[in-house]
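What the coordinates show
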Amino acid sequence: MCSNWKRRSLKWRSWNWCVLEPLQAAPVIIEDGAFIGSRCIVVEGVHVGKEAVLGANVCLTASTKIIDVTGDEPIEMKGFVPARSVVIPGSYTKKFAAGEYQVPCALIIGTRKPSTDLKTSLNNALREYDVAV
């Protein structure tokens, strides 16, 4: 049994487990028309903009670097995916005392195009006709 320890909110799940969330916990916001690819992970504090596309295996946390590589210079942000962005998993090199290692990030490689809409249209059709998969 879980208790309300140090003023944390308590959420019960149907299988009788509970999740303790700090009062300052930020929600996950996924706006309309966003496409979330298979095996994506989106956790606390992330905001995915309208009609954004997250490719397979993208992992987003509030502290994950999201790097826009569409321009001449990379633009880094955390916790927010702009509307109509196409995002894929990536990595960048980070220096540690023990050496240099690759750390996961998310890369914005472009914006959603009509061809992207065609690729995601099957999901829309399944939702429109209430087809369970």
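Note that the structure is a prediction, hence the values are computed from the model and not measured.

Side chains of strand β9 (residues 65–68) alternate between two faces, with K65 and I67 and I66 and D68 buried alike. Relative to strand β10 (residues 75–78), β9 runs antiparallel, the two sharing four bridges. The partner of I67 across the bridge, within β10, is E76. Between β9 and β10, which follow one another and run antiparallel, lie six residues. Relative to strand β13 (residues 99–111), β9 is paired through three bridges, and the arrangement is parallel. Looking at β13, one finds that I67 is bridged to L107.

Let's shift gears to the nonpolar core. Ranked by internal contacts, the top residues of the largest apolar core, which has 13 residues, are V48, L54, V58, L60, V81 and V87. Dropping the residues within four chain positions of it, V48 is found in contact with I29, I30, E31, A34, V42, L54 and V81.

A separate point is the packing of aromatic side chains. Within the structure shown, the criterion is met by one aromatic pair. On the basis of an interplanar angle of 55° and a centroid distance of 6.2 Å, the ring pair of F96 and Y101 is categorised as tilted. Lying over the aromatic face of Y92, K65 brings its terminal NZ or CZ to 4.3 Å of the ring centre.

Further remarks concern a nonpolar patch on the surface. The grouping of V28, I30 and I36 at the surface amounts to a nonpolar patch, some 220 Å² of accessible area in total. Mapped onto the fold, I36 is located in strand β4 (residues 35–36). The class of I36 is partly exposed, set by a relative accessible area of 33%.

Within this structure, the stated rule accounts for three salt bridges. With a shortest N-O distance of 2.3 Å, E51 and R84 are connected by a salt bridge. Placement of the pair is E51 in the loop between β6 (47–48) and β7 (53–54) and R84 in the loop between β11 (80–81) and β12 (85–96), with a sequence separation of 33 residues. With a relative accessible area of 29%, R84 lands in the partly exposed category. For the salt bridge of K95 with E100, the shortest nitrogen-to-oxygen distance reads 4.0 Å. The pair K95 / E100 is uniform in exposure class, with both members exposed.

As a further point, take the state of the cysteines. Joining two cysteines, a disulfide is a covalent bond between their sulfur atoms. Per the stated rule, a full pass over the model turns up zero disulfides. Unpaired in this structure, C40 has its nearest cysteine sulfur neighbour in C59, at a distance of 9.0 Å. Residue classification places C40 among the buried positions, given a relative accessible area of 18%.

A separate point is the sheet that holds strand β3 (residues 29–30). Across the sheet, three strands lie side by side as β3-β6-β11; this open sheet has parallel pairing. The sheet is open, and its two borders are formed by β3 and β11, each paired with just one other strand. With two bridges joining them, β6 and β11 adopt parallel strand pairing. Bridging from a neighbouring strand, V48 pairs with V81 of β11.

Criteria and thresholds
- Going along each chain's sequence as written, the residues are numbered from 1 onward.
- Two thresholds apply to this predicted model, a pLDDT of at least 70 for residue-level local features and 80 or more for giving and counting side-chain atom pairs, whereas whole-chain, interface and lining totals are computed over all residues.
- Calculation of side-chain values draws on the structure's entire complement of heavy atoms; hydrogens and water are dropped beforehand.
- Any residue under 20% of the maximum accessible area for its type is buried, any over 50% is exposed, and the rest in between are partly exposed; the area is computed with a 1.4 Å probe on protein chains only.
- Helix and strand definitions follow DSSP, with helices as H or I runs of at least four residues and strands as E runs of at least two, each counted in order from the N terminus.
- Between any two strands, at least two bridges found by DSSP are needed for them to pair.
- Take the buried Ala, Val, Leu, Ile, Met, Phe, Trp, Tyr and Cys residues and link them wherever side-chain atoms come within 4.5 Å; each set so joined is a nonpolar core.
- Contacts are assigned to residue pairs with any non-hydrogen atoms lying within 4.5 Å of each other.
- Pairing of aromatic side chains here covers Phe, Tyr and the six-membered ring of Trp, requires ring centres within 6.5 Å, and sorts the geometry by plane angle: under 30 degrees stacked, over 60 edge-to-face, intermediate tilted.
- We count a charge as sitting over a ring when the NZ of a lysine or the CZ of an arginine lies within 6 Å of the ring centre and within 35 degrees of the ring normal.
- Patch membership requires over 30% relative accessible area and the absence of a salt bridge. Like charges are linked within 9 Å, and nonpolar side chains (Val, Leu, Ile, Met, Phe, Trp, Tyr) within 5 Å.
- We get accessible surface area from the Shrake-Rupley algorithm with a probe of 1.4 Å; when it comes to residues, only the shown protein chains can shield them.
- Every case where a carboxyl oxygen of Asp or Glu lies within 4 Å of a side-chain nitrogen of Lys or Arg is listed as a salt bridge.
- Working definition: a disulfide is two cysteine sulfur atoms within 2.5 Å of each other.

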